[in-house]
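# Survey of secondary and tertiary structure
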Amino acid sequence: MSRTRTNVPAHSRKRLLLALAAGALVAAALVATSLVNARAESPKPVAETASEAAAGTAEVSRLLSGIPQDGTFVGRPDAPVTLVEYADLQCPYCAQWARETLPALIRDYVRPGKLRIEFRGLAFIGPDSDSALRTALAAAAHDRLWHVVELLYLNQGAENSGWASDELLGGILEASGLDPAAVLGARGSQEVEGLLLRANTQAQAARVQGTPSFQLGRTGEALPPLTPHTLAPPPFRAAVEQLLGS
Amino acid sequence: MNERRYVAATGALAALGAGIAGYLTFLHYTDGRIACPTGGCETVQSSSYAELLGVPVALLGLVAYAAILAALAWPREAGRWLALSAAVAGTLFSAYLILVQAYEIGAFCLWCLASDGVVTAIAALAFLRVRAADRHAGAAR
C-alpha cells in the first residue's frame, strides 16, 4: 500500500472520483451538443435531392435575373456606390451573408442601379475552397460568376470534406446555364490565375485578415474598409444609404 | 506546495485564461480581426464548431474561468471540488476541440491552444490541491 492510500480517507477518494466524473459528464454533454450543432449547420450537398438543387437554382435565378454581370461584378457599371466582398467559398459566415443580406442588397440597391458589388475570392480554408473558387472565376469569363457563387453558398458542405466535387460543380454550372466541361476545363487558365493573383494582391493591400471582409465607397474612388458590427442587412443598408445621400 | 500557493497559481492561470477567452468573445461580438500569425484563428472561429446552440465557445470558456475564480473564493473544501470539476470538464472539452481542429477544420487557432494549455494546467493544479488537502486531513486524524 502506498503512503497516499494510507493517508487519504476513503470518503475523500470517493468525492475525488465524483468530481472527476462530474467534470467528464459536463464535457460529454458539451461534446455531444457540439457534434449535433456542427452537423445541423452543415448544409446538405446539392446532389442529395433533385428538388433541393432545383429550389436553389430557381432562387438564384430569380435573384439575379435581368441584372448585368461583368466578370467579377454584378450591377450596372455606372452605379454610384461600389461594394467589394472578400470571401472564401467555404467560409460559413460568407454563406450566411450571401443568404441573409445579399438578397436584400440586390433587391433594394443593385437592381435599381444604385449599387454594384465585386466578388474578390480567396482560398485559404483548404482544397475545396480552391476548386470552388477556380470554378466561379472560370464562370466569370461568361459573366455568370454570381450565379455560380450563390449556388455554391447554397450548397456549401462541411469544410474540406470534398464537397466541391466535379460532380457538384458541374451540376451548378449546368444550373447556371453554362457548359460544365468547358468551364471546368478553364479552371487552370491564365484568366483564372490572373483573377486569383489580383484578388490576393488586393486583399493584402487592404490588409484583409479574414472573410467575409468588405470595402464600400463611391464608384471610381478609393474604397475604405467597411466593418459592420453584424452580417445582417442593417449596417450595410445604413452605409449604402449614407453614400447615396438619403 | 501549500494551500495558499495552489490558490495563487490557479488564480493567476484562471485570470490568464479569462483574458484569452474574453478577447475571443469580444472579437466574436464585434466582428473584430484576430491577431493571429498563422491565419488559422479566423478559420477556426468562423467554423460551425465555434458556437454551441448560438453561444460562442469562447464565451463558455470565459464562464468556466469565472467559475474557477469564484470557486477559489468559496469556503475551502466546496471550492476545491468545484474548481476541479470545472477544470476537468474544460480540459476534456479542450481535447475534443483540438481533435476537431486537427481532423475536421484542418487549421489551428493559437489562442484556443493557449487556452487549452491553461485549463489543463489548472486541472493538474486543482487535482494536486485536492490530494494535498486530503493527505493533510488524513494526517490530522
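Residues numbered from 1 in each chain as written. Chains lettered and ligands numbered in written order. Predicted model: local features only at pLDDT ≥ 70, side-chain atom pairs only at ≥ 80, totals over all residues.

## Things to note about the nonpolar core
Buried together is how nonpolar side chains tend to be arranged in soluble globular proteins. In terms of nonpolar packing, the biggest core is built from 60 residues, with A:Leu115, A:Ala136, A:Ala139, A:Leu145, A:Val148, A:Val149 and A:Leu152 touching the most fellow members. Looking at this core element by element, the count peaks at eight residues for helix α7 (residues 145–154) of chain A. Among all residues touching A:Val148, those that are not within four sequence positions of it are A:Thr135, A:Ala136, A:Ala139, A:Ile172, A:Leu173 and A:Ser176. B:Ala107, B:Cys109, B:Trp111 and B:Leu125 belong to the second largest nonpolar core, which has 44 residues in total. (Core = buried A, V, L, I, M, F, W, Y, C linked by C-beta atoms within 7 Å. Buried ≥ 20, exposed ≤ 12 C-beta atoms within 10 Å, placed from the backbone. Helix = DSSP H or I, 4+ residues; strand = E, 2+ residues; numbered from the N terminus. Contact = placed C-beta atoms within 7 Å.)

## A word on the environment of A:Arg76
Examined against the element boundaries, A:Arg76 turns out to sit in the loop between β2 (73–74) and β3 (81–87). The contacts of A:Arg76, once residues within four sequence positions are left out, are A:Pro68, A:Gly113 and A:Arg116.

## Focus on unusual backbone geometry
Residue and element names in this part refer to chain A. The omega torsion across Thr-211 and Pro-212 is 0 degrees, close enough to zero to call that bond cis. Take Pro-212: it is sitting in the loop between α10 (190–205) and β5 (213–218). Its identity is not glycine, yet Asn-160 carries a phi of approximately 55 degrees, on the positive side. Note that Asn-160 resides in the loop between α7 and α8 (166–175). Look at Asn-160 and you get partly exposed, because 19 C-beta atoms sit within 10 Å.

## Focus on the confidence of the model for chain A
Summary statistics for chain A give a mean pLDDT of 87 and a share of 89% for residues scoring 70 or more. With pLDDT under 50 throughout, residues 1–6 of chain A is counted as low confidence; its partners more than four residues away or in other chains account for two contacts. (pLDDT = per-residue confidence, 0-100.)

## Digging into the packing of α7(A) against α8(A)
Residue and element names in this part refer to chain A. Here α7 crosses α8 at 130 degrees, and the two axes come no closer than 9 Å. One finds that α7 runs oblique with respect to α8. Crossing of α7 over α8 shows right-handed handedness. Where α7 approaches α8, its residues Val-148, Leu-151 and Leu-152 are matched on the opposing element by Ile-172, Leu-173 and Ala-175. Tallied by class, the residues present in the contact of α7 with α8 amount to six nonpolar, no polar and no charged. (Axes fitted to C-alpha atoms, helices over the stretch in contact; angles between N-to-C directions. Parallel < 35°, antiparallel > 145°, perpendicular 65-115°, else oblique. Left-handed = near helix turned anticlockwise from the far one by under 90°. Nonpolar A, V, L, I, M, F, W, Y, C, P; charged D, E, K, R; others polar.)

## A closer look at the environment of B:Thr25
Residues and elements named next belong to chain B. Examined against the element boundaries, Thr-25 turns out to sit in helix α1 (residues 3–30). In this structure the C-alpha to C-alpha distance between Thr-25 and Gly-61, which are 36 residues apart in sequence, comes to 9.1 Å. In this view, Thr-25 contacts Pro-56, Ala-58, Leu-59 and Leu-62; residues no more than four positions away in its chain are not counted.

## Some points on the packing of helix α6 (residues 127–140) of chain A against α7(A)
Residues and elements named next belong to chain A. Packing of α6 against α7 brings their axes to within 7 Å, and their N-to-C directions diverge by 155 degrees. As the angle between them shows, α6 and α7 are arranged roughly antiparallel. Side by side, α6 and α7 meet where Ala-132, Thr-135, Ala-136, Leu-137, Ala-139 and Ala-140 of the first sit next to Leu-145, Val-148, Val-149 and Leu-152 of the second. Among the residues forming the contact of α6 with α7, the class breakdown is nine nonpolar, one polar and no charged.

## Some details on the pairing of β5(A)
Residue and element names in this part refer to chain A. Sheet topology places β3 next to β5; six bridges connect them, and they run antiparallel. Bridge pairing in β5 links Val-84 to Gln-215. Inspection of the sheet shows β5 paired to strand β6 (residues 225–226) by two bridges, in the antiparallel sense. Note on β6: the bridge partner recorded for Phe-214 is Leu-226. The loop that links β5 with its antiparallel partner β6 comprises six residues; one of these, Gly-220, has a positive phi angle of about 90 degrees. (Pairing = 2+ DSSP bridges.)

## A closer look at the sheet that holds strand β1 (residues 69–70) of chain A
Strand order in this open sheet of six strands is β1-β2-β4-β3-β5-β6 (chain A), and the pairing throughout is mixed. The two strands at the open ends of the sheet, each matched to only one other strand, are β1 and β6 of chain A.

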